[in-house]
Amino acid sequence: MNYYDIIFYLFAIITVGSAVFVVTTRNVIYSAFFLLFTFFGVTGIYVLLGADFLAVVQIMVYIGGILILLIFGVMLTNTITNVEIRTGTLHLLPAAIGVGVFMGAVVSVMIWTDWKSQPVANPVTTTKSLGYLLINEYVLIFELLGILLLIALIGAASIARREKE
Amino acid sequence: MYQYFYDLTGNVIISGLIVAIFPLVNVLLVVLIGVYLERKVSAHMQDRLGPMRTGWHGTLQLIADFVKLLQKEDIASTETDKGLYNIAPVLVFTGAFAAYAAIPFSSKLIGSEIEVGIFYVIAVSGLVVVSILMAGWSANNKYSLLGAMRSAAQIISYEIPTALVILSIVMLTGTLSLGKMSELQTAYFWNWNILGGAGFGLAKFLLIPFMVVGFIIIYISTLAETNRTPFDIPEAESELVAGYFTEYCGMKYAMFMLSEYGNMFAVSAIVSILFFGGYQSPFGYLGNTLNVHWLIPYEQAFWFLLKGWFFIFVQMWLRWTLPRLRVDQLMSVCWKYLIPYAFVNLIIIGIISLL
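All of these numbers come straight from a predicted model, not from anything done at the bench.

Caption draft 1: Layout of the packing of aromatic side chains. Applying the stated criterion to the full structure yields 25 aromatic pairs over all chains. Judged by centre distance (4.9 Å) and plane angle (15 degrees), the ring pair of Phe21(A) and Phe34(A) falls under stacked. With a gap of 13 residues between them, Phe21(A) in helix H1 (residues 3–24) and Phe34(A) in helix H2 (residues 28–48) connect regions that are remote in the sequence. A residue is classified by how much of its surface remains accessible, and Phe34(A), at 25% relative accessible area, is partly exposed. Judged by centre distance (6.4 Å) and plane angle (20 degrees), the rings of Phe105(B) and Phe265(B) are stacked. On the criterion of sequence distance, the pair formed by Phe105(B) in the loop between helix H4 (82–98) and helix H5 (117–138) and Phe265(B) in helix H10 (residues 250–275) is long-range, its members being 160 residues apart. Classification of Phe105(B) as buried rests on a relative accessible area of 8%. For Phe265(B), a relative accessible area of 1% translates into the label buried.

Written as structure tokens, this is what we have:
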């Protein structure tokens, strides 16, 4: 076992362990904060895979954006209005079946795929090649996603504005 | 630096730890000297003397303060959420310190030469926001929660103009790496980005006014991101006691101070790398003239620290001359003025750099 293995298992434990806590804890705020460690662990695994740009995007979007929004929402409803939000289990059987089927699908894909294995090489930075791909090959999808986000932004702004009437 | 220690010790982890000690020492020094300087600067700006009793001109004051903080009893009210309350100060410092991994102190002293440097620095500041929210919520105190909310809203809003200005610099230099950005502005001060970057031509002179605008925008927004006056509404003393760290005392409070001063130096360093050449000397190197090349990295570290400290001084200067903004003013400054200007600036710099 070399250092990379140890670091990989460390991040894997952080990811899986905190994900378990996210699901099992009864307090929504705790779930939100444990999500921080889950995202962080995933980031670490991205770094180990040599996907530096993706790792930073993961922190930026998930921790810097989505998680903060989530905590904000939960906090505003939880402490200020004195409504205790608790997570509970509903519809145990359908959920178990759904999760089982999904798990089976994922595991079977993992087993049946013919994974390409390559000798370990020093990871190269991916920023430039990602940029070329986004602007050349996937430019249509890229622009469409940009327009979609813009529409969402304008929609949110107009909803927030309507209160005055 | 890392390579040197790796050759010396032959161990990845030990050499990594040794390299990480330098920024840590720097942060501690920034806090110690920064607190003292803040008192002195504020005092002299208000025509007072400041600390004078402990040591020569109060220079031992910082050590006295530090000892006082260390031996304080750790008090926490019973209604706090123990786990999160104790984690938050550590996490807030982690977030502030993580940025130092990518900041080049000189051409030899870089924690990690990652290609995504500046992007990484923006991203890890998100961790600070999360831990501020954690601190504010777990303290179970109205002032803390309000302060945390204000702080998070402010930091998230002001990240946008910061990112836009950084984007325009990235467009101009064509790299995200902080080390390469500093290298591009080498030799003399007219190669600095604020004066249009390296290379002569029409574009350089056209760029100068827009670079200055960009610098002003990023300086205002980084000031807001570190929660300094005039943007210190998250910890506004007259309204919120101390904002999100009202309930903290002793070493945990010191962790918040550490992260605040660490952040101050980090944003000053980022601004100086983006616009003022980073570790590059404005007048060429003494080591080159005297032909002693080992001297150059030390000179670079000196210039880097000097620039960082200069911007910290400007932050203090602004703190003690400007009144605090109201919440609505704060938001309108960001969304109605800084962001549109930053967008226009971005587009113009893009067009000029195509010329």
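Caption draft 2: Local environment of empty space enclosed by the protein. Residues and elements named next belong to chain B. If you walk through the whole model with that rule in mind, you get three cavities of 30 Å³ or more. Of the voids in this model, the largest cavity is the one considered here, and its volume is about 290 Å³. Along the wall of the largest cavity there are 19 residues; nearest its centre are Val121, Ile122, Ser125, Glu225 and Val267. Elements represented by at least two residues in the lining of the largest cavity include exactly H4, H5, helix H6 (142–173), helix H8 (202–225) and H10. At six residues, the largest contribution of residues to the lining of the largest cavity is made by H5. Grouping the constituent residues of the lining of the largest cavity by class yields 12 nonpolar, six polar and one charged.

Rules of the game
Residues numbered from 1 in each chain as written. Chains lettered and ligands numbered in written order. Predicted model: local features only at pLDDT ≥ 70, side-chain atom pairs only at ≥ 80, totals over all residues. Heavy atoms only, no water. Phe/Tyr/Trp six-rings, centres within 6.5 Å; stacked < 30°, edge-to-face > 60°. Helix = DSSP H or I, 4+ residues; strand = E, 2+ residues; numbered from the N terminus. Buried < 20%, exposed > 50% of the residue type's maximum accessible area, 1.4 Å probe, protein only. 1 Å grid on protein atoms, 1.4 Å probe; cavity = no way out; pocket = protein on both sides within 12 Å on 5 of 7 lines; lining within 4 Å. Points joined across faces, edges and corners; volume = space filled by probe spheres on them. Nonpolar A, V, L, I, M, F, W, Y, C, P; charged D, E, K, R; others polar.

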